[in-house]
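Residue-level listing of the chains:
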Amino acid sequence: MTIDLVSANKCFGGWHKRYRHESAVLNCEMVFAVYLPPQADQGKPLPVLYWLSGLTCTDENFMQKSGVQRLAAELGMVVVAPDTSPRGDNVPDDVDGAYDFGLGAGFYVNATQQPWARHYRMYDYVVEELPALVEANFPVSDQRSISGHSMGGHGALICALKNPGRYQSVSAFAPISSPLSCPWGHKALGNYLGPDREAWKAWDTCELIATASERLPLLVDQGEDDNFLLEQLKPELLEAAAATHGHPLTLRRQPGYDHSYYFIASFLPDHMRHHAAALGCL
C-alpha cells in the first residue's frame, strides 16, 4: 500500500504530514494527516490516537485548530486524522448539496444501499484499512486509542464498542449519542442503510452499550451552550444507556461551551491524558 506525501510542517519538534493514497475500501483517493512527535526518531514504536472529525470537516480542521501537536509531543503519541468521507468526482453526494449527508458526512458506517455502498464504507476504512496503512509506513505500535467530535464522536464510540480489545481507550466531544433518535441520524442511516430501523441499531452507541462484551470506560465532554444539544446530540440518552447496563461513563457537562473548536481545545488536554494513561505514555 503506497502513500504519497502531500505536505510536511515541522511542529513542536516533530512533523505534521499529510499523505494521499488510493483506498481499496472506499474506491477513491483519500488524504489523511499524521503527527509524528519528536520521539518518533528514537526507534521505539509509538502508540496512536485516531481522531474522527464531524460533519463538513476534513483531516485539516482538528490538526489546525485544536493544538493537539503540543500535547502529542509532550506525551510521545502519534495522532492520525482521516477525512470524514470518501471524496472525488465519481463519489455520489447529497442531491441538494446539504452539509449533513454525502461528501463530508460519511457517518463512519458501512453503507448497504445504492448508490452509496460502493464508496461510503468509512467504518471499514477507519477500523481496518487506515490503521494497516499507518502501521506499515510509520514507527507505530499496535496500541491504539480513538476519539472524535460530533459525528466523529459517534464514530469513535461505535468503533470502540464494536471492536473489543482493539482500542485501549475511547473518548468523545459532543457526540451524536443516538443516531436512531435524531434528525442527522435518520437522514444518514436511512439513506446509507435503508428504511429498516433494526439495521440501524448496529451503528447506534446506546444500542451497542446494551450488548457490549468489553466495558471500556467512556469519557465524554458536552458543552451546555451547544446549539445542537437538544435536537441532535442528546447526551441524556447515552447517560441512561450506560446507567441501565452498568457501562462506565464519565459525562462532563461544561457550562457556557458551544460546539466549536474553542470547546475542543479547552478540554483536549484532559482527553489526551486519558488516552496517554491507557496507552502507557504516562
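Described below are features of the structure shown in this document. For every chain, the first residue of the written sequence is number 1, and numbering continues from 1 onward in sequence order. Selection of residues for local features in this predicted model requires a pLDDT of at least 70, selection of side-chain atom pairs for listing and counting requires 80 or more, and totals for whole chains, interfaces and linings are taken over all residues. In computing side-chain values, all of the structure's heavy atoms are included and hydrogens and water are not.

**Notes on the overall build of the protein chain**
The following threshold applies: Helix and strand assignments follow DSSP, with helices taken as H or I runs no shorter than four residues and strands as E runs no shorter than two, numbered in order from the N terminus. Restricting the calculation to C-alpha atoms gives the radius of gyration, and the globule rule supplies 2.2 Å times the number of residues raised to the power 0.38. Here, residues are in contact when the closest pair of their heavy atoms is within 4.5 Å. The method behind every accessible area is Shrake-Rupley, applied with a 1.4 Å probe, and residues are considered shielded solely by the protein chains displayed. When charges are tallied, Lys and Arg are placed among the positive residues and Asp and Glu among the negative ones, while His and the ends of the chain are skipped. Charged side chains are reduced to one point each, which is NZ for Lys, CZ for Arg, CG for Asp and CD for Glu.
Secondary structure assignment for the protein chain yields 10 helices and nine strands. In terms of C-alpha radius of gyration, the protein chain reaches 18 Å, essentially the compact-globule figure of 19 Å for 282 residues. Expressed as lengths along the three principal axes of its C-alpha atoms, the size of the protein chain is roughly 50 × 40 × 35 Å. Taking as baseline every contact in the protein chain between residues at least 6 positions apart, the subset at least 24 positions apart corresponds to 71%. Accessible surface, the protein chain as shown: approximately 11,000 Å² in total, 49% of it carbon and sulfur. Across the protein chain, the mean location of the 21 positive side-chain charges is 4 Å away from that of the 32 negative side-chain charges.

**So, the packing of helix α2 (residues 68-75) against helix α10 (residues 261-279)**
Cut-off, in case you're wondering: Fitting a line to C-alpha atoms yields each axis, with helices limited to the stretch in contact; the angle taken between N-to-C directions then spans 0 to 180 degrees. By definition in this entry, angles of less than 35 degrees are roughly parallel, angles greater than 145 are roughly antiparallel, angles of 65 to 115 are roughly perpendicular, and the rest are oblique. Should the near helix be turned anticlockwise from the far one by less than a right angle, the crossing is left-handed, and should it be turned clockwise, the crossing is right-handed.
For the pair α2 and α10, the least separation of the axes is 10 Å and the interaxial angle reads 30°. Comparing the axis directions of α2 and α10 gives the class roughly parallel. Along this stretch, α2 crosses α10, giving a crossing that reads as right-handed. Residues V68, L71, A72 and L75 of α2 touch α10, and the partners they reach there are L268, P269, M272 and A276.

**Here's the deal with the side chain of S178**
Applied cut-off: Only protein chains enter the accessibility calculation, which uses a 1.4 Å probe; a residue whose area is less than 20% of its type maximum is buried, one above 50% is exposed, and one in between is partly exposed. Polar contact criterion, stated in full: a pair of N or O atoms within 3.5 Å, where within protein one must be able to donate a hydrogen and the other to accept it, and residues adjacent in sequence count only if both atoms are side-chain atoms.
Position of S178 among the secondary structure elements: in the loop between β7 (169-173) and α5 (183-193). Owing to a relative accessible area of 6%, S178 belongs among the buried residues under this scheme. At 2.7 Å, the side chain of S178 and the side chain of D204 are in polar contact. Beyond its immediate stretch of four places on either side in the chain, S178 contacts D204, C206 and L237.

**Re the sheet that holds strand β4 (residues 46-52)**
Selection criterion: If DSSP finds at least two bridges between two strands, the strands pair.
The sheet built from nine strands is open, its strands ordered β1-β2-β3-β5-β4-β6-β7-β8-β9 with mixed pairing. At either margin of the open sheet sits one strand with a lone partner, and together these are β1 (4-11) and β9 (249-254). Strand after strand, the sheet turns through a mean of 20° between neighbouring axes, direction not considered. As paired elements, β4 and strand β6 (residues 140-148) share six bridges and run parallel to each other. Bridged to Y50 within β6 is I146. Helix-sheet contacts for helix α9 (residues 235-245) involve β8 (218-223) and β9, and the interaxial angle to β9 is about 155°.

**Digging into empty space enclosed by the protein**
The criterion, for reference: Note on definitions: the grid is 1 Å and covers protein atoms alone; a cavity is a set of points where a 1.4 Å probe fits but cannot get out; a pocket is an open set with protein on both sides within 12 Å along at least five of seven lines; lining residues have an atom within 4 Å of a point. Grid points are joined across faces, edges and corners, and a volume is the space filled by probe spheres set on the points. Under the scheme applied, nonpolar residues are Ala, Val, Leu, Ile, Met, Phe, Trp, Tyr, Cys and Pro; charged residues are Asp, Glu, Lys and Arg; polar residues are all the others, including Gly.
The full count for this structure, using the stated rule, is one cavity of 30 Å³ or more. The calculated volume of the largest cavity comes to roughly 40 Å³. Taken together, A160, L161, V170, A212, E214, L216 and L218 make up the full set of residues lining the largest cavity. When grouped by side-chain class, the residues that make up the lining of the largest cavity number six nonpolar, no polar and one charged.

**So, the nonpolar core**
The cut-off we apply is this: Put simply, a nonpolar core is a bunch of buried Ala, Val, Leu, Ile, Met, Phe, Trp, Tyr and Cys residues held in one set by side-chain atoms that sit within 4.5 Å of each other.
By size, the foremost hydrophobic cluster in this structure holds 93 residues, and its most contacted members are F32, F62, V80, F138, I146, Y192 and M272. V80 has contacts with F32, A33, V34, V48, L49, Y50, W51, L130 and V134, leaving out every residue within four places of it along the chain.

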